[in-house]
Amino acid sequence: MNRSRASKALICALTLATFAATSWAREPAGKVKNVLLIMSDDLKASVLPVYGNTICRTPNIDRLAKTGMVFERAYCQGLACSPSRPSMLRSIYPKSKATAPTIGEHLQQYGMHTARVGKIFHMPVPHAQLDGSNGRDVAECWTERYNTKSAETFTPGLYRLLNSDIVTRKIEGRDAKGPNRMWATVESDKEDGSDQADHMVATKAVELLRELKKEGKPFFLGVGFVRPHFPMVQPKKFFDMYPEEKLLIPPLIPGDLDDIPPAGRGSDGKGLNEMEESRRRMWQAYYGSVSFMDEQLGRVLDELDRLGLRDSTTIAFTTDHGYHLGEHGFWQKANLHEEVVRVPLIVSAPEIKPGRTSSFVELVDLYPTWTDLLGLPMPKGLHGKSLTPILRNPNAKVRDTALSIHNRAGGGLRSAKWHYMNYGGKGEELYDMIKDPGQYTNLVSDPKYAAVIKQARAQFKARMAAAK
């Protein structure tokens, strides 16, 4: 071999060695190799036993909580599916001009396989499930992705339209995409729920876990359930778990809304507030949906354990935002009150001790947390902060307040003592969260709270400026 050819061969060998070393170094470092994100949809934290509820049954969320860190003060940044989910998956606040790669795009750069089944980015429910479409999913985030197709509102069973006193087993005429679709429930005839989207999601997730285990490649797997998002469809047995006549429902207090600006009010339920039995049935259906979703989550956790992947996988269970079920006469989402902005969040990771923390965290913090746990470089410009200090010490803090952005204008800021809401010139709210956790008395005009409102306005202005 002449000197020229020998030099070229040496250069080629060194290049290959360098590439191999670089590729190896880019793989997740440390104990955590994989990430499992499990998302519910429209799940209020206060409905879960792990947050103090004594009625709802969620044995699988409960057992996950026993192995992980329960975040008691986790808050969403968007007030509906569409702004919240991309904000979380890019770690960028809603309405911001900043940009960042999705978590999937980032992890793919370091050799990780990214997969999605069900709703992770926004998918309109039940529209996307009826036609099996991708909704507003971001294809670049995933190495592979899978949707489900189910009957949703048209599932055989007892159908109720709770704001209209419609009860029927007929399929024809049911409201699936119309203005009353959010008040529909169906007691499904299929006892195991295998005809429902969440059951299909769990089945596919189990299949993917088996494939990923066999391939031995580090992975990020997003498992997206759609319950308890309306329509609340699940087998009849889940309705029967919660007899509606025994359920307590939020009181409707005369004059409760007098101190809330119109911009801060939620949906009035389109007649539900005048129908006590229907309000009870909404709670019944919501509880049932949560328990059905929890059963599917359990199937995924069982398989993760069976495959021996638990010791190398960090698990995050959360949702996109909370939900109103008649508190203050409000229904659904898209407002800044506590029932909407506070979300469940449980993070379980290898070598992290189980516990609870009252430290403030935001959903934008998950992306940098995963990156940190995997030992990978952090992208520039993320709005979130890694939660690993809190995972190692529940008394640690990474932020003093939690910011939520209003869909229309303004936003809200939650601190340990107060909750401030600003509607961009259309009114404000301030609540003393120590004395009034139910947010019944707006103190924004109370002279006794002049110093607090001054502080809240200044902090809110600063947080909003940093979120642009």
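About the criteria used
Residues numbered from 1 in each chain as written. Predicted model: local features only at pLDDT ≥ 70, side-chain atom pairs only at ≥ 80, totals over all residues. Heavy atoms only, no water. Pairing = 2+ DSSP bridges. Helix = DSSP H or I, 4+ residues; strand = E, 2+ residues; numbered from the N terminus. Axes fitted to C-alpha atoms, helices over the stretch in contact; angles between N-to-C directions. Contact = heavy atoms within 4.5 Å. Core = buried A, V, L, I, M, F, W, Y, C linked by side-chain atoms within 4.5 Å. Buried < 20%, exposed > 50% of the residue type's maximum accessible area, 1.4 Å probe, protein only. Parallel < 35°, antiparallel > 145°, perpendicular 65-115°, else oblique. Nonpolar A, V, L, I, M, F, W, Y, C, P; charged D, E, K, R; others polar. Salt bridge = Lys/Arg side-chain N within 4 Å of Asp/Glu carboxyl O. pLDDT = per-residue confidence, 0-100. Phe/Tyr/Trp six-rings, centres within 6.5 Å; stacked < 30°, edge-to-face > 60°. Lys NZ or Arg CZ within 6 Å of the ring centre and 35° of its normal. 1 Å grid on protein atoms, 1.4 Å probe; cavity = no way out; pocket = protein on both sides within 12 Å on 5 of 7 lines; lining within 4 Å. Points joined across faces, edges and corners; volume = space filled by probe spheres on them. Polar contact = N/O pair within 3.5 Å; in protein donor to acceptor, adjacent residues only side chain to side chain.

Thoughts on the sheet that holds strand β7 (residues 184-188)
Part 1 of the argument: The strand order across the open sheet built from 4 strands is β6-β5-β7-β9, with neighbouring strands paired in mixed fashion. Each edge of the open sheet is held by one strand with a lone partner, namely β6 (166-168) and β9 (232-235). Each adjacent strand pair in this sheet contributes to an overall mean axis angle of 10°, direction not counted.
Part 2 of the argument: Where strand β5 (residues 157-161) and β6 come together, 3 bridges link them in antiparallel fashion. Note on β6: the bridge partner recorded for L161 is I166.
Part 3 of the argument: Most of the contacts of helix α8 (residues 276-306) go to β9, to which it runs at about 60°, and overall it touches β5, β7 and β9.

Here's the deal with the side chain of R116
Part 1 of the argument: One can find R116 in strand β3 (residues 113-118).
Part 2 of the argument: Ignoring sequence-local partners within four residues, the contact set of R116 consists of M123, N134, D137, W142, E144, R145, Y146, N147 and G222.

Brief notes about the nonpolar core
Part 1 of the argument: Among the nonpolar cores identified, the biggest contains 59 residues, and I38, V223, F225, V300 and F317 are the most heavily contacted of them.
Part 2 of the argument: Among the elements that make up this core, the one with the highest residue count is α8 (11 residues).
Part 3 of the argument: For I38, the contacting residues outside a window of four places in its chain are V223, F225, L297, V300, L301, I315, A316, F317 and T318.
Part 4 of the argument: Counting 56 residues, the second-largest nonpolar core is a separate cluster that includes I120, F121, W142 and A396.

Considerations on the packing of helix α6 (residues 197-215) against α8
Part 1 of the argument: Where α6 contacts α8, the two axes come as close as 9 Å, and the packing angle between them is 10°. In terms of their interaxial angle, α6 and α8 are classed as roughly parallel. In contact with D198, H199, A202, T203, A205, V206, L209 and R210 of α6, α8 contributes F292, M293, Q296, R299, V300, E303, L304 and R306.
Part 2 of the argument: The residue makeup of the contact of α6 with α8, split by class, is 8 nonpolar, 3 polar and 5 charged.

Notes on the sheet that holds strand β16 (residues 402-405)
Part 1 of the argument: Read from one edge of the open sheet, 4 strands run β16-β17-β18-β19, paired in antiparallel fashion. The sheet is open, and its two edges are formed by β16 and β19 (428-432), each paired on a single side. The mean inter-strand angle of the sheet, taken between neighbouring strand axes irrespective of direction, is 10°.
Part 2 of the argument: As judged from the 4 bridges shared by β16 and strand β17 (residues 411-414), these two strands associate in the antiparallel manner.

Topic: the pattern of salt bridges
Part 1 of the argument: Taken as a whole, this structure holds 27 salt bridges when the rule is applied.
Part 2 of the argument: Notably, a salt bridge pairs R169 with D189, separated by 2.6 Å at the nearest N-O pair. Here R169 is found in the loop between β6 and β7, whereas its partner D189 is found in the loop between β7 and α6, with 20 residues between them in sequence.
Part 3 of the argument: Classification of R169 by relative accessible area gives partly exposed; the value is 49%.

Considering the confidence of the model for the protein
Part 1 of the argument: In this model, the protein carries a mean pLDDT of 93, and residues with pLDDT of at least 70 account for 94%.
Part 2 of the argument: This model gives residues 1-25 a pLDDT under 50, and the stretch forms 1 contact once residues within four places in sequence are excluded.

Topic: the packing of aromatic side chains
Part 1 of the argument: Per the stated rule, a full pass over the model turns up 10 aromatic pairs.
Part 2 of the argument: Centre to centre, the rings of W283 and Y287 are 5.5 Å apart; their planes meet at 55°, and the pair counts as tilted. Within this pair, W283 and its partner Y287 are both found in helix α8, separated by 4 residues, close to a single helical turn. For the pair W283 and Y287, a shared accessibility class is recorded, and that class is buried.
Part 3 of the argument: The structure contains a cluster of three or more aromatic residues connected by ring pairs, namely F121, W142, F220 and W370.
Part 4 of the argument: We note R57 situated over the ring of Y242; from NZ or CZ to the ring centre the distance is 5.7 Å.
Part 5 of the argument: The ring of Y146 carries K204 above its face, with NZ or CZ at 4.1 Å from the centroid.

Here's the deal with empty space enclosed by the protein
Part 1 of the argument: Applying the stated criterion to the full structure yields 1 cavity of 30 Å³ or more.
Part 2 of the argument: By volume, the largest cavity amounts to about 40 Å³.
Part 3 of the argument: Counting only elements with at least two residues in the lining of the largest cavity, the list comes to β16 and β17.
Part 4 of the argument: Tallying contributions element by element places β17 first for the lining of the largest cavity, with 3 residues.
Part 5 of the argument: Of the residues that constitute the lining of the largest cavity, the class distribution is 5 nonpolar, 3 polar and 1 charged.

Re the environment of M112
Part 1 of the argument: Following the sequence through the fold, M112 ends up in the loop between α4 (103-108) and β3.
Part 2 of the argument: When the C-alpha positions of M112 and K217 are compared, they lie 6.9 Å apart, and in sequence the two are 105 residues distant.

Some details on the side chain of S291
Part 1 of the argument: Tracing the backbone through its elements, the reader meets S291 in helix α8.
Part 2 of the argument: Within the structure, the side chain of S291 is placed 2.6 Å from the side chain of Y242, a separation counted as a polar contact.
Part 3 of the argument: Ignoring any residue separated from it by four or fewer positions in sequence, one finds S291 in contact with C56, R57, F238, M241 and Y242.

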